[in-house]
Amino acid sequence: MEYRHISVAPVAGSLGAQVGAVDLSRELPDPVLAEIRHAWLQHLVLFFRDQHLSADQYLAFARRIAEPVEYPMLRGLDGYPLIVSVIKLAHERVNFGGLWHSDTAYLETPPIAGTLLAREVPPVGGDTLFANMYLAYETLSEGLRRVLDGLRAVNSSAKADVTKTREDRLAESGAKLAPGAALSAVHPVVRTHPETGRKLLYVNGGHTVRFEDMTEEESAPLLNYLFAHLCRPEFTCRLRWRVGTLALWDNRCTQHNPINDYHGHRRVMHRISLGAQRPV
């Protein structure tokens, strides 16, 4: 596609592109939005620089992509329940969601997209990695793809590794679930993207517990192989944040991992989850 209204510069061979020549604080004309959506489906995650948006402007842009949905774990900002503040304070040693994952796979209808807007960043560090789940699936052997095509997996919000990354922030940010409560959903291990028609790997180390009708012990060898495979460097790109950077990723076909390498500094991001769709 020839872009007439925006600029699109890929940042890696696997996924990711920086979008320029657009001001997200303004109401986007339909031709501009169409080009953004095309770039998003092609590159899976888009980065917009120097977008100093108010909460209302941020929500207005998000709604042009898909209807915002509440995040199940944390309460939103006062007056803006659909915007969640993701904060790591200078004295904290763990970060929120600090491992490879797709967002809220433990829901029956996970969000189709996620977006983060950087409000405060450390002087160095705090980058986010993204990975392409089309490539994670397509590079598996034909035999393993046949095995995985018939499997479903159990995903839980209570997986131990995820809980450890969240406990400090949940205590101070108004957790919406009662202590010990958990959300769980069963999804295909291989899902088909409804807009591109491509198959992709849909398990993640943050939420996937086991294969359906198998024990955790039986599931672990293959799941651990897939968790290591899906984040191979050649499947990834890396975002270095600046204040005003906005990232928009396709939560159906990507995973992300915020790097926890900025101890002693504060990092504040505003997050909106978009859409809700049952994986098939």
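The structure we're discussing is the one just above.
Each chain has its residues counted from 1, running along the sequence as written. With the structure being a predicted model, the display of local features is reserved for residues of pLDDT at least 70 and the display and counting of side-chain atom pairs for 80 or more, all residues being used for whole-chain, interface and lining totals. Water and hydrogen atoms play no part in the side-chain values, which are based on all heavy atoms of the structure.

Caption draft 1: Spotlight on the pairing of strand β1 (residues 7-10). Strands are labelled as partners when DSSP assigns at least two bridges between them. Elements are defined by DSSP. Helices are runs of H or I of four residues or more, strands are runs of E of two residues or more, and each kind is numbered from the N terminus. Where β1 meets strand β2 (residues 17-20), four bridges bridge the pair, whose relative direction is antiparallel. Bridge pairing in β2 links proline 10 to alanine 17. In this antiparallel pair of consecutive strands, β1 and β2, the connection spans six residues, and glycine 16 shows a positive phi of 95°.

Caption draft 2: Region of interest: unusual backbone geometry. For threonine 104, which is not glycine, the phi torsion reads 45° and is therefore positive. Its location among the elements puts threonine 104 in the loop between β5 (84-88) and β6 (113-120). The backbone of aspartate 213 sits at a positive phi, close to 70°, despite the residue not being glycine. For aspartate 213, the location among the structural elements is in the loop between β12 (208-211) and α6 (216-229). Its relative accessible area of 74% is what places aspartate 213 among the exposed residues. Exposure classes here rest on a 1.4 Å probe applied to the protein chains alone. A residue is buried below 20% of its type maximum, exposed above 50%, and partly exposed in between.

Caption draft 3: Spotlight on the nonpolar core. The term nonpolar core refers to a set of buried residues drawn from Ala, Val, Leu, Ile, Met, Phe, Trp, Tyr and Cys, joined through side-chain atoms within 4.5 Å. Among the nonpolar cores identified, the biggest contains 46 residues, and Phe130, Leu148, Val189, Leu201 and Val203 are the most heavily contacted of them. The element contributing the most residues to this core is helix α3 (residues 133-138), with four residues. In what follows, a contact means two residues having at least one pair of non-hydrogen atoms within 4.5 Å. For leucine 148, the residues in contact, after removing those within four places along its chain, are Leu140, Val189, Val190, Leu201, Leu222 and Leu226. In this structure, Val32, Tyr58, Ile83 and Leu248 belong to the second largest nonpolar core, which totals 31 residues.

Caption draft 4: Spotlight on the sheet that holds β12. Ordered in space as β9-β8-β12, the three strands form an open sheet in which the pairing is antiparallel. Looking at which strands have only one partner, the edges of the open sheet turn out to be β9 (184-188) and β12. Across the sheet, the axes of successive neighbouring strands diverge by a mean angle of 30°, strand direction being ignored. Relative to β12, strand β8 (residues 152-156) is paired through three bridges, and the arrangement is antiparallel. Across the sheet, the residue bridging to alanine 153 is phenylalanine 211, located in β12. Lines fitted to C-alpha atoms define the axes here, with helix axes fitted over just the stretch in contact, and angles between the N-to-C directions of these axes take values from 0 to 180 degrees.

Caption draft 5: Broad picture of the side chain of aspartate 250. Note that aspartate 250 resides in strand β14 (residues 246-250). The residues touching aspartate 250, leaving out its near neighbours within four places in the chain, are Trp40, Leu41, Leu44, Ile112 and His193.

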